[in-house]
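Structural features, examined
So you can see what is in the structure, the chains are spelled out below.
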Amino acid sequence: MQRVAYFDCSSGISGDMFLGALIDCGADFEYIKKELSKLNLDFEISHQRVRKGAISATKVIIKEPRGHPLRNLKTVKEIIEKTSLPEEVKEKSLSIFTRLAEAEASVHQVDIEHVHFHEIGAVDTIVDIVGVLLGLKSLKVERIFSSPLPLGRGELETAHGKIPIPAPATMKLLEGCRVYGKEIREELVTPTGAALISSLAEGFVDFPAMHILKVGYGAGTKELPMPNVLRLVVGELEEKKEKTQPPTFIISANIDDSTPEVMGFLFERLFEVGALDVWQHPILMKKNRLATELSVLCYRDVMEKIIDCIFSETTTNGLRISEVKRSVLDRKIVEVKVLDETIKVKVSFEGKRIFT
């Protein structure tokens, strides 16, 4: 059995809703609070039960002094790196903040080092992101899934002036995620919520088959036409019978006028945009022309990038696309001692069965 967390985001998602749902599901708040104190930031964190419509939920409250300095990625990294937080929490939180900075840099067309966080650099955002990772660690969650994300509409007042909802940085962070529109003139998915769920969830799917252990609700701040809560369901997923695999596709093309140098560069580009595997083998085409059949294995969310890359980097005029089923072993890296030296070895397994 694997412990799985499923986030039902029918009202959207934000950092404080994420953290509130974890605490409501039993994450150790005292542990989270103690670890957050290592950030050496001036804030107080607490939580309370509130009602959102007919639903009782946990609301996280973070108090900090009025105003906060503009922080860039370097400053946020320094705050996190100098702590004694668990290494996996430090590593993942730094990765999430880097994605936030990359999204802002892409939207504003500036170098990532010149991006200054505004709302994102606030103390509450740092606390939300690190706190969520601590909460997941406390609950011993191994896999995370999410429902498709609802997007509101309208305009939002920010430090950059008025921007459309969803915010441009939010939309950048949601590339590859399943979303749908709602006729609500509010920001339902915040940049922090988008960064967290897109970084942590391995799929945006309908409710997976599981044995439910606990259900919790994290409260949002806004008043919406429906209860503004994020529902979290923690359960156990049977690895062999109920393992969730996203749809996988093979995209192939016959190429008869390329060189090894071009194909080598193409392989690198395809992996950069998200290909799971790329291979080629020689074929004989019409009029006995020697050629290469290119094959790319990928998930649905990167198909358009893969297709664009092949058309851009080769002279092919057409592609074949087919859905395939995969059976994939779980993998992990373990350290073993060999002749007084510690080396890392990849181990493949399914349940308790280990494959060499």
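Anyway, here's the lowdown on the structure attached to this text. The model shown is predicted, which means the values in this text are computed figures rather than measured ones.

For helix α2 (residues 29-36), the full list of buried residues reads Phe29, Ile32, Glu35 and Leu36. Here the buried residues of α2 occupy an arc of 135° about the axis, which is enough to place them on one side. Seen from the open side of α2, the exposed residues pointing more than 90 degrees away from its buried face are Glu30 and Lys34. Measuring from the backbone nitrogen of Glu30 back to the side-chain oxygen at the start of α2 gives 3.1 Å, which picks out Asp28 as the cap.

A separate point is the pattern of salt bridges. Oppositely charged side chains can form a pair if their charged atoms are brought close together. One pass over the structure, following the stated rule, counts 16 salt bridges. Here Lys90 ties to Glu87 by a salt bridge, and the two come within 3.6 Å at their closest N and O atoms. Highlighted residues: Lys90 and Glu87, both in helix α4 (residues 87-108), separated by three residues, approximately one helical turn. In this structure Glu87 comes out as exposed when scored by relative accessible area, which is 54%. Note that Asp256 and Arg289 form a salt bridge whose closest N and O atoms lie 2.7 Å from each other. Pair noted here: Asp256 is in the loop between β13 (248-255) and α8 (260-272) and Arg289 is in the loop between β14 (277-284) and β15 (290-299), with a separation of 33 residues, a long-range link. In this structure, a network of salt bridges that share partners links the residues Lys172, Glu175 and Lys305.

Conventions and cut-offs
- Residues numbered from 1 in each chain as written.
- Predicted model: local features only at pLDDT ≥ 70, side-chain atom pairs only at ≥ 80, totals over all residues.
- Heavy atoms only, no water.
- Buried < 20%, exposed > 50% of the residue type's maximum accessible area, 1.4 Å probe, protein only.
- Helix = DSSP H or I, 4+ residues; strand = E, 2+ residues; numbered from the N terminus.
- Arc of directions from axis to C-beta.
- Polar contact = N/O pair within 3.5 Å; in protein donor to acceptor, adjacent residues only side chain to side chain.
- Salt bridge = Lys/Arg side-chain N within 4 Å of Asp/Glu carboxyl O.

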